[in-house]
Number of protein chains: 2
Amino acid sequence: GAAPAIVQAQANIRWRLTSAFPKALDTIYGAAEVFSRHVKELSGGKFEISVHAAGEIVPTPGLVDAVQNGTVEMGHTAPYYYFGKDETFALGCAIPFGLNSRQMTAWQYEGNGLKLMREFYKNYNIISFPMGNTGAQMGGWFRKEIKGVNDLKGLKFRVGGFAGKVIERLGGVPQNIPGGEIYTALEKGTIDAAEWVGPYDDLKLGFYKVAKNYHYPGWWEGGPQLDLFINTKAYDTLTPEYKAIIENAAAYAHTDMQAKYDARNPNALKQLVGSGAKLVAFPKDVMEASFKESMALYSEISAKNPNWKKVYDDYAKFRADSNVWFRFTEARFDSFMQAQKL
Amino acid sequence: GAAPAIVQAQANIRWRLTSAFPKALDTIYGAAEVFSRHVKELSGGKFEISVHAAGEIVPTPGLVDAVQNGTVEMGHTAPYYYFGKDETFALGCAIPFGLNSRQMTAWQYEGNGLKLMREFYKNYNIISFPMGNTGAQMGGWFRKEIKGVNDLKGLKFRVGGFAGKVIERLGGVPQNIPGGEIYTALEKGTIDAAEWVGPYDDLKLGFYKVAKNYHYPGWWEGGPQLDLFINTKAYDTLTPEYKAIIENAAAYAHTDMQAKYDARNPNALKQLVGSGAKLVAFPKDVMEASFKESMALYSEISAKNPNWKKVYDDYAKFRADSNVWFRFTEARFDSFMQAQKL
C-alpha cells in the first residue's frame, strides 16, 4: 500500500558535517548549525546532521579530502583554503578584486557560477551549495599605518589563503597563523599585521589592543562565499525531497549569514572605534599596485591552468558587466545615503 | 502504528496564491512560481500552490483583503501598495531614502524588522515572509531632462505608491497609471515621466523610445522588498514541517529574485544605452530637497500614526547604524572596482 512507500521515502538519516571553523566564529560556524536545524525541521526530525567544529573530526586543511573520501558526508568551508590543490577553488570563494557579496550570489544562482564550480568540484567527488557570505571584509590590523605601497615591503602580514600570492608580489611576507595565535604574534611583533574578518569577529579577538590601525577595504575579500560541500555518492543516495531540503536549507543559511554580519558589524565597529581603533583607508597607490599585480597573477594562472581559465573567463566577464550596472543607481543611492546625517 | 501518523503529517494540500503582478514581470511574478515549485519539491508533491496573476482572482488593490478574508490563502505583493490602509505597510517594502536591499534583508532577518512587521500585519490576519527584492530601482523615464528641483513643479509623473506623497510636496503631480497604459501616456505627453523598475523590466516596455532621459537613482526605492502574505488561520492549520517548507522556499525565492535582477540588469542597461537611452543622475538639489521632504513627511506620520512610529523608530535607527558601517569597507571596495577598466 501507500503507507510503506511514504515511510521509505522519508527514511531516517544521520549525517556528519565538518566545519572548517571554530565555534567562536558564531556567525560562520553558526551557519552550519542554522542549516542543520532547518534540515531537521523540514524533514520532521528524520534527517539529522551533526555539526562538528574544525579539528573534531578533521582539521580544516583536510576537509576536502574528508568529503572526497566519504569520511564525512558534508563539510562547510571557505573553498579558497584549498587553492594549493588547484587555484580554481579560490573562484568559488573570493579572489583579490573579485565579486562583492551580491554579485557573487548572482553569479552563482543566476549566472554560470554554480554550474561551472560544480563541474570543477566533481573532480573531488563534491557537489557544492552556496552557504554564506561575510560581505566585504576589512583589511586588517596594522601595528604601523600603511602610508604607501613601499610600506608593504618586508611586511609580515597574517593573511588568509590565496591573497598571500598578491602580497608576495608586492614584497610582503604572508604569514599563515591560526586564529588563536594571532593576538600574541601581533603583540610581540613577530608579525606586523593581521587580517581576520570584520568588526564583529575582530572585536572578540581584541586585536585593537595591540595594532591600532584598522585598514580598509579588504580588497582580497570583497564578498567571500562559504560553500557546503557534499560527497556526491552520499548525495546521490538521497530522495528528491531530501535533495530539495538540502538546497533550500542551504539557501536559507546563505542569506541568513550575510544578514547577521550586516546587522552586527555596525555596533561592533562603534565599539572598536570607541576602544581606540583607527580607521584608515588603504592609500590609492596600494590599491592600484595590488590591483595590477592581481590581474597579472590571473593572466599567469590562466596560461597554465585550464580549469582556472574556464571558470575565470566567465567570472571576469560577469564582474565587468556587473560593475558597470552597479555604478549607477546602486552606488549613487548608497553614497547619497552614506553622506546624510541619519 | 507509525505509518498512518506519517500520512497525516504529510497530508495533500492545495492552496491558491494571488500575485500582485502580471506574468510579463517574469522576475517578480516568477518569484511566486519559484516558491511554489520549491514547496512542491520539498513536500514530495503533496503541497501544491497554484499561482495566479493579478486580476485572475482579485486585482492588486484587493490582495490584502483577499488574504485577510481567506478568499485566497496567500498573496505575493509589494506591501507599500496598501499604504492607504495604513502608512506602516510601506515600511515592509520601501520608503523614499530607506534601506537598500542588503540592509532590508538584514533588518528583516536579524534586526527587529520581521518581528515588528508581523506584529503589524497580524491586524490583517496576515503573517509575512520576505520574498524578493529588486535592488535599487532606476528613477524612471523623463521626456525632458530634470536639471533642478524646479523642474519637478507641475511634473506629471507616474510613480508607484507611497513615493507620490513626497513628489507632491515638491510640487509634482503623481499619476497612478497601470503598467500597460504607461507607454501610450508617455508617447502622447499625457504624462511627463514614468518610473517602472529598472533596466530588465523597463527594456521590455520600450519607454526609451518615447522618453530618452533615464534618471537615477530611484531614491524612493533603494531596496524594495516583496512579501509573501499568508492568512494566519490557514497558516495555523499547517504542520511544523509545512511551516518550515514555506519559510525555506520563501527564503530561496527571496535570494533568487535579487540574483536574477543583478544578473540580468547589466545586459539590459547596455541594450537601453545602445538604443539611445540617456543616463542622467538626478541633480544634487533634487536629491537634497527630496530627502528633506521625506524626513519631514516621516515626522508628520510619526506624530499621528502610532503603528508607523513604533516600526519607523526601529527602522530609522537600523538605517543610521547600517549606513555608517557600509560607508567604509563595502563602499570603498565597490567604488574602487567600479572605477577600474575590467
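Keep in mind the model is a prediction, meaning the values are calculated, not measured.

(A) Region of interest: the relation of the copies chain B and chain A. Of the transformation placing chain B onto chain A, the axial shift is 0.0 Å and the rotation is 180 degrees, giving an RMSD of 0.0 Å. Both copies are brought into coincidence by an operation consistent with a two-fold rotation axis. When you check the interface residues of chain B against chain A, 100% turn up at the interface there too, and the contact is symmetric in its surfaces.

(B) Fine view of the interface of chain B and chain A. Each partner contributes residues to the interface: chain B has 77 residues there, and chain A has 78 residues. Where chain B abuts chain A, roughly 7,000 Å² becomes buried across the two surfaces, and 69% of that area is made up of carbon and sulfur atoms. Contact with chain A buries surface across chain B, with Trp325(B), Phe333(B) and Gln338(B) losing the most and accounting together for 11% of the total. Counting across the interface, chain B meets chain A through six salt bridges. Among the ionic pairs, Arg264(A) bridges to Glu110(B), the shortest N-O distance being 2.8 Å. Counting every contact that joins chain B to chain A gives 17 residue pairs in polar contact (both at pLDDT 80 or more). Looking at the side of chain B that touches chain A, the elements with two or more residues in it are helix H1 (2-9), helix H2 (26-42), helix H5 (101-109), helix H11 (240-274), strand E11 (278-281), helix H12 (284-304), helix H13 (306-326) and helix H14 (329-339) of chain B.

(C) Region of interest: the pattern of salt bridges. Going through the model one piece at a time under the given rule, you end up with 38 salt bridges over all chains. Where Lys284(A) meets Glu288(A), a salt bridge forms, and the shortest distance between an N and an O atom there is 3.2 Å. Placement of the pair is Lys284(A) and Glu288(A) together in helix H12 (residues 284-304), with a separation of four residues, close to one helical turn. On the basis of relative accessible area, Glu288(A) is assigned to the partly exposed category, the value being 38%. The salt bridge partner of Glu330(B) is Arg102(B), with a shortest N-O separation of 2.8 Å. Here Arg102(B) lies in helix H5 and Glu330(B) lies in helix H14, a separation of 228 residues in the sequence. With relative accessibility at 12%, the residue Arg102(B) sits in the buried group.

(D) Examining unusual backbone geometry more closely. Residues and elements named next belong to chain A. The linkage connecting Tyr216 with the following residue, Pro217, adopts the cis geometry, with an omega of -10 degrees. Along the chain, Pro217 falls in the loop between strand E9 (213-216) and strand E10 (225-231). At Phe97, a residue that is not glycine, the phi angle is positive and equals roughly 55 degrees. Within the fold, Phe97 resides in the loop between helix H4 (88-91) and helix H5 (101-109). A relative accessible area of 0% means that Phe97 is categorised as buried. You will see that Asn125, though not glycine, has its phi angle at about 55 degrees, which is positive. Assignment of secondary structure puts Asn125 in the loop between helix H6 (113-121) and strand E4 (126-133). With a relative accessible area of 32%, Asn125 lands in the partly exposed category.

Definitions and cut-offs
- Residues numbered from 1 in each chain as written.
- Chains lettered and ligands numbered in written order.
- Predicted model: local features only at pLDDT ≥ 70, side-chain atom pairs only at ≥ 80, totals over all residues.
- Heavy atoms only, no water.
- Least-squares fit on C-alpha atoms with pLDDT ≥ 70 in both.
- Contact = heavy atoms within 4.5 Å.
- Buried area = accessible area lost by both parts, 1.4 Å probe.
- Salt bridge = Lys/Arg side-chain N within 4 Å of Asp/Glu carboxyl O.
- Polar contact = N/O pair within 3.5 Å; in protein donor to acceptor, adjacent residues only side chain to side chain.
- Helix = DSSP H or I, 4+ residues; strand = E, 2+ residues; numbered from the N terminus.
- Buried < 20%, exposed > 50% of the residue type's maximum accessible area, 1.4 Å probe, protein only.

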